[in-house]
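Residue-level structure breakdown
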Amino acid sequence: MVGLFPGEKRIKRTHPTARLGGFILGVLVYGAIGSGFSGTAQAVINGQEADALGMVLFQVFEQYGMPLRMYVQRGDEPWQDDIVFFYNDFSYIYWNNDRVWQVRFDHRHPDPIFGVRMGQDLASVRTTLGEPVFQAEDELLYRLAERGFPIRLRLLFGEQGLEDAYVYRSEF
């Protein structure tokens with residue numbers, strides 16, 4: 001996903017597991033000192049699917065609450081490892097160092113994402129969102145309005161239609 005467009009640079013991310021201990025400690029301490037969050041989260045979307053991108057920890061907690069789970073997802077290369085927050089609406093927030101770089105919505109996500117729903121077929125998604133900048137047999141890629149950094153929407157399709165949606169900062 002990184003560097004799909006001409007002129008986009010591959011930026012080497014610092015290995016997140018190098019800071020995982022401090023990150024986990026910060027999450028636990030922040031939660032323990034009475035952040036006031038109930039453990040259930042508001043939906044990441046509601047028309048602002050890309051709003052979480054670039055947020056820092058306290059902003060995510062204020063906006064979305066505490067995640068139900070937190071884990072490390074192994075990438076193809078060690079520098080691609082991510083710390084991931086999982087929320088009860090089947091959305092996932094991916095971290096690079098101390099900032100959100102990607103939000104994922106899986107096939108169980110109940111709400112529309114940029115006006116399309118999970119399970120919708122590729123042709124009807126194209127009708128709703130328009131011409132993508134890239135299309136494969138089971139994938140659409142859109143360039144979204146920038147917010148000081150380039151943003152992409154990647155939609156993956158399977159036998160049941162739209163299965164996964166990723167909104168991400170493409171410079172990471």
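The structure displayed is predicted, hence computed values, not measured ones. (Residues numbered from 1 in each chain as written. Predicted model: local features only at pLDDT ≥ 70, side-chain atom pairs only at ≥ 80, totals over all residues. Heavy atoms only, no water.)

It is worth spelling out the pattern of salt bridges at this point. Following the criterion strictly, the structure yields six salt bridges and no others. The closest approach of N and O atoms between Arg154 and Glu139, which form a salt bridge, is 2.8 Å. Remark: Glu139 occurs in strand E6 (residues 139-144) and Arg154 occurs in strand E7 (residues 151-158); sequence separation between them is 15 residues. Arg169 serves as the salt-bridge partner of Glu171, at 2.4 Å between the closest nitrogen and oxygen. Like Glu171, the residue Arg169 is buried in the burial classification. (Salt bridge = Lys/Arg side-chain N within 4 Å of Asp/Glu carboxyl O. Helix = DSSP H or I, 4+ residues; strand = E, 2+ residues; numbered from the N terminus. Buried < 20%, exposed > 50% of the residue type's maximum accessible area, 1.4 Å probe, protein only.)

Those residues of helix H2 (residues 57-64) lying buried are Leu57, Val60, Phe61 and Tyr64. The buried residues of H2 all sit within an arc of 100 degrees when viewed along its axis, so they share a single face. Once H2 finishes, Gly65 follows within two positions and takes phi at roughly 85 degrees, a positive value. (Arc of directions from axis to C-beta.)

Before going further, it helps to examine the packing of aromatic side chains. What the rule picks out here adds up to six aromatic pairs. Ring centres of Phe61 and Phe85 lie 6.1 Å apart, and the angle between their planes is 5 degrees; this geometry places the pair in the stacked category. In this pair, Phe61 sits in helix H2 while Phe85 sits in strand E2 (residues 82-86), placing the two residues 24 residues apart along the sequence. The burial state of Phe61 is the same as that of Phe85; both residues are buried. Here the guanidinium or amino end of Arg104 rests over the ring plane of Tyr92, the centre of that ring lying 4.6 Å away. Stacked on the ring of Phe149, the Lys or Arg Arg169 has its end atom at 3.7 Å from the ring centre. (Phe/Tyr/Trp six-rings, centres within 6.5 Å; stacked < 30°, edge-to-face > 60°. Lys NZ or Arg CZ within 6 Å of the ring centre and 35° of its normal.)

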